[in-house]
Amino acid sequence: MKKALITGINGQDGSYLAEFLLEKGYEVYGILKRNSVAENQTARLDRVFKDLHLYYGDLTDLSSLISILQKVQPDEVYNLAAQSHVRVSFDIPIYTVQADAIGVLNVLEACKLITPNARIYQASSSEMFGNSVDSDGFQRETTAMLPVSPYGCAKVFGYNIARNYRHSYGMHISNGILFNHESPRRGSNFVTSKIVKGAIAIACGETDELRMGNLDARRDWGHAKDYVKAMWMMLQQEESDDYVCATGVSHSVRDCCEYVFSRLGLDYKNHVVMDERYLRPEELHDLKGDATKLKDKIDWNPKYTFENLMEDMLVNDENYHNAISGVHTPYDTTM
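Keep in mind that what you see is a predicted model, and the values were worked out from it rather than measured.

**Student:** I keep staring at the overall build of the protein chain and nothing clicks. Help me out?
**Tutor:** On a plain count of helices and strands, the protein chain comes out with 10 helices and 13 strands. When each of the 335 residues of the protein chain is scored for burial, the buried share is 54%. Intrachain contacts of the protein chain at a sequence separation of at least 6 include 78% that bridge at least 24 residues. Here the protein chain displays about 14,600 Å² of accessible surface, and carbon together with sulfur accounts for 49% of that area. Positive and negative side-chain charges in the protein chain, numbering 35 and 46 respectively, have mean positions lying 3 Å apart.

Structure follows, in C-alpha cells:
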C-alpha cells in the first residue's frame, strides 16, 4: 500500500485528491493549517474523514514538515497548500510569498533531508504567465512567465525552485501548471462560486444585485476532479517533468454570469453591478492553456466541459440552498 502526503488536504483540490487516492488503494495522510474554528476546517473531507491520517503543520514552519515526514515516510508528496486567492495576494503580499514561495522551498528541503526518493508534485499555476501569450493565443510550458500579482510571482519562484531541486539533487519533482479549475467545493470568494451563489440568492428573492469586478477577464475553467487525476498521473511517470493542465477553451466572467443567470430564468444584465473594489491593481486579461504535452505524453483528457462544470456547481449550490432555506429556485431542468 503506497503512502501519500497531501499539504492543504482540506482545500478544494486536496479533498478531491484524497478521495481519488483512497479509491486507488493509497494510505492517505494530510497536513492541516490549524485555525480557531476546527469544526469548519475539514468540512470538505467529511466523506472520507475516518479513512485519513491528519496532522497539524504549516509550510512556513520547516520543523513541522520535517517531523511529519519522519512519521509518515510517504511514497508521494502533493504540495497543494498555499495562500490561493490572487486578489487577496495584493492585500497580504508578504504572507503570500512566505507561504507560496518559501513554503515550497521548505517542503522540498524537508523531503531532501527525510524522504529524498519520494515523488513530489508541486502545484504551479497559470497565473505565472500573466499577460504573456504565444502568437496563437495559448499559453504552454515554453511561454514566457511574466506574472502580474504577488501570487503569480510567488508561484514562479516555487516552480523554479522545484526544477532546481529536480536537476540539482535528482529528485522526482513534477510541476503541474494548472489553469483555473473549479467545483462545488470552491470557496465562496472565488468568482465562479460567487456568481453561482449570488444568482441563486437573487432567484430566491434574498437580494437583487451581485457586485463583481472585471467582467471581461477570460479564464480557462476546468473541473477540479479532472485536474487531481492529472496530478496523480504526473507522479506515475518514470521521469518527472513540467506540464500545463487546461481545457484549451476560455470564457469570460461575463459568459459565466450569462450562463448561470439564464439557467435560473434571469437576465444577468438586470442584476450584476460592476464594483471597482473587486478590480485588481494590475489585471490579467486572458488565460488559455495548451495541454498537448500532458495529453500526448500521459494520455490525460478532461471529462468535464465548461457547461458541465457550471451545471455541477449550480445544482449542488441550489440543492444546498433549498435544504437550508426551504425556498425553491426556478432552476430549468429541461436544458
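**Student:** Hey, could you run me through the packing of aromatic side chains in this one?
**Tutor:** Given two aromatic rings, one states the distance between the centres and the angle between the planes to describe the pair. In total, this model carries eight aromatic pairs according to the counting rule given. Ring centres 5.0 Å apart and planes at 65 degrees place the aromatic pair Y165 and Y169 in the edge-to-face group. With Y165 and Y169 both in helix α5 (residues 150-169), this residue pair falls four residues apart, about one helical turn. In this structure Y165 comes out as buried when scored by relative accessible area, which is 6%. Taken together, W221, Y259 and F306 form an aromatic cluster joined through their ring pairs.

**Student:** It is not clear to me how the side chain of Q122 should be interpreted in this structure. Could you clarify?
**Tutor:** Here Q122 is to be found in strand β5 (residues 119-125). Given the relative accessible area of 2%, Q122 is considered buried.

**Student:** Even after reading the chapter, I still don't get the pairing of strand β6 (residues 173-178), so can you show me in this structure?
**Tutor:** On a regular strand, one side chain projects to one face of the sheet and the next to the other, so that they alternate. Along β6, six of the six residues are buried, which leaves the element largely enclosed by surrounding structure. Side chains of β6 alternate between two faces, with I173, N175 and I177 and S174, G176 and L178 buried alike. Here β5 pairs with β6 via six bridges, running parallel. By the bridge assignment, Y121 is partnered in β6 with S174. What joins β5 to β6 is α5, and the crossover it makes is right-handed. Bridge count for β6 against strand β11 (residues 242-245) is four bridges, and the pairing is parallel. Opposite G176, over in β11, you have Y243 as the bridge partner.

**Student:** Hey, could you run me through the nonpolar core in this one?
**Tutor:** Within soluble globular proteins, side chains that are nonpolar generally end up buried alongside one another. One finds I6, L21, Y78, Y121 and L294 to be the most contacted residues of the largest nonpolar core, which totals 34 residues. Looking at which element gives the most residues to this core, the answer is helix α7 (residues 224-235), with nine residues. Apart from residues lying up to four places away in sequence, I6 is in contact with G14, L17, A18, L21, V28, Y29, G30, I31, Y78 and L80. Of all hydrophobic cores here, the second largest spans 24 residues; its members include M212, V260, F306 and L309.

**Student:** Explanation requested: the pattern of salt bridges in the structure shown.
**Tutor:** A side chain with one charge can pair with a side chain of the opposite charge if their charged atoms come near. Scanning the model with the defined rule gives 20 salt bridges in all. Taking the shortest distance from any N to any O, the salt bridge between D290 and R140 comes out at 2.9 Å. Residue D290 is found in the loop between β13 (272-274) and α9 (292-298), and its partner R140 is found in the loop between β5 and α5; the two are separated by 150 residues along the sequence. Neither residue differs from the other here; D290 and R140 are each classed as buried. Here E311 makes a salt bridge to R263, at a shortest N to O gap of 2.6 Å.

**Student:** What's the story with the sheet that holds β11 in this structure? I'm lost.
**Tutor:** Pairing between the strands of a sheet is mediated by backbone hydrogen bonds and can be parallel or antiparallel. Here seven strands make up an open sheet; going across it, the order is β3-β2-β1-β4-β5-β6-β11 and the pairing parallel. Edge strands, defined here as strands with exactly one partner in the open sheet, are β3 (53-56) and β11. The average undirected angle you get between the axes of adjacent strands in this sheet is 20 degrees. Direction of pairing for strand β1 (residues 3-7) relative to strand β2 (residues 27-32): parallel, over a ladder of five bridges. Paired with T7 across the bridge in β2 is I31.

What counts and what doesn't
- Residues numbered from 1 in each chain as written.
- Predicted model: local features only at pLDDT ≥ 70, side-chain atom pairs only at ≥ 80, totals over all residues.
- Heavy atoms only, no water.
- Helix = DSSP H or I, 4+ residues; strand = E, 2+ residues; numbered from the N terminus.
- Buried < 20%, exposed > 50% of the residue type's maximum accessible area, 1.4 Å probe, protein only.
- Contact = heavy atoms within 4.5 Å.
- Areas by Shrake-Rupley, 256 points an atom, 1.4 Å probe, with all protein chains shown as cover.
- Lys, Arg positive; Asp, Glu negative; His and termini not counted.
- Charge placed at Lys NZ, Arg CZ, Asp CG, Glu CD.
- Phe/Tyr/Trp six-rings, centres within 6.5 Å; stacked < 30°, edge-to-face > 60°.
- Pairing = 2+ DSSP bridges.
- Right-handed = clockwise from strand over helix to strand, strands pointing away.
- Core = buried A, V, L, I, M, F, W, Y, C linked by side-chain atoms within 4.5 Å.
- Salt bridge = Lys/Arg side-chain N within 4 Å of Asp/Glu carboxyl O.
- Axes fitted to C-alpha atoms, helices over the stretch in contact; angles between N-to-C directions.

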